[in-house]
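Listed below, chain by chain, are the residues.
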2 protein chains.
Amino acid sequence: MKARVFVRPKPSVLDPQGAQVRRALEGLGYREVTDLRVGKVLELTLEESDPVRISARLEEMCRKLLANPVIEEYSWEIEGLVSRGEWH
Amino acid sequence: MKARVFVRPKPSVLDPQGAQVRRALEGLGYREVTDLRVGKVLELTLEESDPVRISARLEEMCRKLLANPVIEEYSWEIEGLVSRGEWH
């Protein structure tokens, strides 16, 4: 089974990388971009077919390793089953 | 209008960061993860409402700045309009 985990800076947290990319786009003439934030996507292949169990395990992985819950929020989707879930 | 750009290493390109995260997950007991690759998501806010024009501009931004087309592939979605598009 395949899953995607999304990790991004919390809305209250500054994102200097995103601000830098936005300025670079502006310099290239893309002035229509008024905000830009950069996050991560992790594409996982799992040897597990129970989506309930996968969801529980992904939540754990995010808390323990994949995200920094102080400054980041995360969500996930399971291919063909769970579309983009809530942000935690 | 909001859009999301996804950038990831091409399938033929090694992803040392992903391999490292997979090993770390394995060390924590998440042995069901057999493959993991790490990409970027850029969440953009755009002052532009024509989805055809947005798509054309996003494609340009990817080629010029957001992705390295030698080793990365990219796709995008426009909120409420275009779901995940093809990878380029």
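Procedures and definitions
- Residues numbered from 1 in each chain as written.
- Chains lettered and ligands numbered in written order.
- Predicted model: local features only at pLDDT ≥ 70, side-chain atom pairs only at ≥ 80, totals over all residues.
- Heavy atoms only, no water.
- Axes fitted to C-alpha atoms, helices over the stretch in contact; angles between N-to-C directions.
- Helix = DSSP H or I, 4+ residues; strand = E, 2+ residues; numbered from the N terminus.
- Parallel < 35°, antiparallel > 145°, perpendicular 65-115°, else oblique.
- Contact = heavy atoms within 4.5 Å.
- Nonpolar A, V, L, I, M, F, W, Y, C, P; charged D, E, K, R; others polar.
- Buried area = accessible area lost by both parts, 1.4 Å probe.
- Salt bridge = Lys/Arg side-chain N within 4 Å of Asp/Glu carboxyl O.
- Least-squares fit on C-alpha atoms with pLDDT ≥ 70 in both.
- Expected span 1.5 Å × (residues − 1).
- Buried < 20%, exposed > 50% of the residue type's maximum accessible area, 1.4 Å probe, protein only.
- Arc of directions from axis to C-beta.
- Pairing = 2+ DSSP bridges.

**What to know about the packing of helix α1 (residues 16-27) of chain A against helix α2 (residues 51-66) of chain B**
If you want to describe how two helices pack, look at the angle between their axes and the distance between the axes.
Piece 1. With their axes 11 Å apart at the nearest point, α1 of chain A and α2 of chain B run at an angle of 110 degrees to one another. Classified by the angle their axes make, α1 of chain A and α2 of chain B are roughly perpendicular. Within the contact between the two elements, α1 of chain A uses V21, A24 and L25 of chain A and α2 of chain B uses M61, L65 and L66 of chain B.
Piece 2. For the contact of α1 of chain A with α2 of chain B, the class distribution of residues is six nonpolar, no polar and no charged.

**Some remarks on the interface of chain B and chain A**
Piece 1. Facing 34 residues of chain B, the contacting portion of chain A comprises 34 residues.
Piece 2. Summed over both partners, the interface of chain B with chain A buries about 3,100 Å², with 57% contributed by carbon and sulfur atoms.
Piece 3. If you sort the residues of chain B by the area they bury against chain A, Y30, E32 and E43 of chain B come out on top, with a joint share of 21%.
Piece 4. At the junction of chain B and chain A, the tally comes to four salt bridges.

**Remarks on the relation of the copies chain B and chain A**
Piece 1. Mapping chain B onto chain A leaves a residual RMSD of 0.0 Å; the transformation is a rotation of 180 degrees accompanied by 0.0 Å of translation along its axis. In symmetry terms, the pair is related by a two-fold rotation axis. For chain B, the residue whose C-alpha comes nearest the rotation axis is K40 of chain B, separated from it by 2.2 Å.
Piece 2. In this assembly the copies share their binding face: 100% of the residues contributing to the interface of chain B also contribute to that of chain A.

**Observations regarding α1 of chain A**
The periodicity of an α-helix, 3.6 residues per turn, causes residues three or four positions apart to be oriented the same way.
Piece 1. End to end, α1 of chain A covers 16 Å across twelve residues, agreeing with the expected 16 Å (1.5 Å per residue, within 8%).
Piece 2. Within the span of α1 of chain A, buried status applies to G18, V21 and L25 of chain A. All buried residues of α1 of chain A lie within an arc of 65 degrees about the axis, which places them on one face of the element. Set apart from the buried face of α1 of chain A by more than 90 degrees, the exposed residues are P16 and G27 of chain A.
Piece 3. Those residues of α1 of chain A that are buried lie in contact with β2 (33-46) of chain A together with β2 (33-46) and α2 of chain B.
Piece 4. Just past α1 of chain A, the residue G29 of chain A takes up positive phi, approximately 105 degrees.

**Description of the sheet that holds strand β1 (residues 2-9) of chain A**
Piece 1. Within the open sheet, the six strands sit side by side as β3(A)-β1(A)-β2(A)-β2(B)-β1(B)-β3(B). Their pairing is antiparallel. Edge positions in the open sheet fall to β3 (72-78) of chain A together with β3 (72-78) of chain B, since each of these has one partner strand only. Adjacent strand axes in the sheet meet at a mean angle of 25 degrees when their direction is disregarded.
Piece 2. Here seven bridges tie strand β1 (residues 2-9) of chain B to β3 of chain B, and the two strands are oriented antiparallel to one another.

**What about the pattern of salt bridges?**
Piece 1. Using the criterion set out here, one finds 18 salt bridges over all chains in the structure.
Piece 2. The salt bridge involving E32 of chain B is made with R57 of chain A; its shortest N-O contact spans 2.6 Å. Here the residue E32 of chain B occupies a position in the loop between α1 (16-27) and β2, and R57 of chain A occupies one in helix α2 (residues 51-66), the pair thus bridging two chains. Summarising the burial analysis for this pair, E32 of chain B and R57 of chain A share the class buried.
Piece 3. Here E60 of chain A ties to K64 of chain A by a salt bridge, and the two come within 3.9 Å at their closest N and O atoms. Of this pair, E60 of chain A and K64 of chain A both sit in helix α2, separated by four residues, roughly a single helical turn.
Piece 4. Classification of E60 of chain A as partly exposed rests on a relative accessible area of 25%.
Piece 5. Bridged by salt links that share partners, the residues R4, E43 and E77 of chain A together with R8 and E73 of chain B form one connected network.

Any functional reading would require information that these geometric values do not contain.
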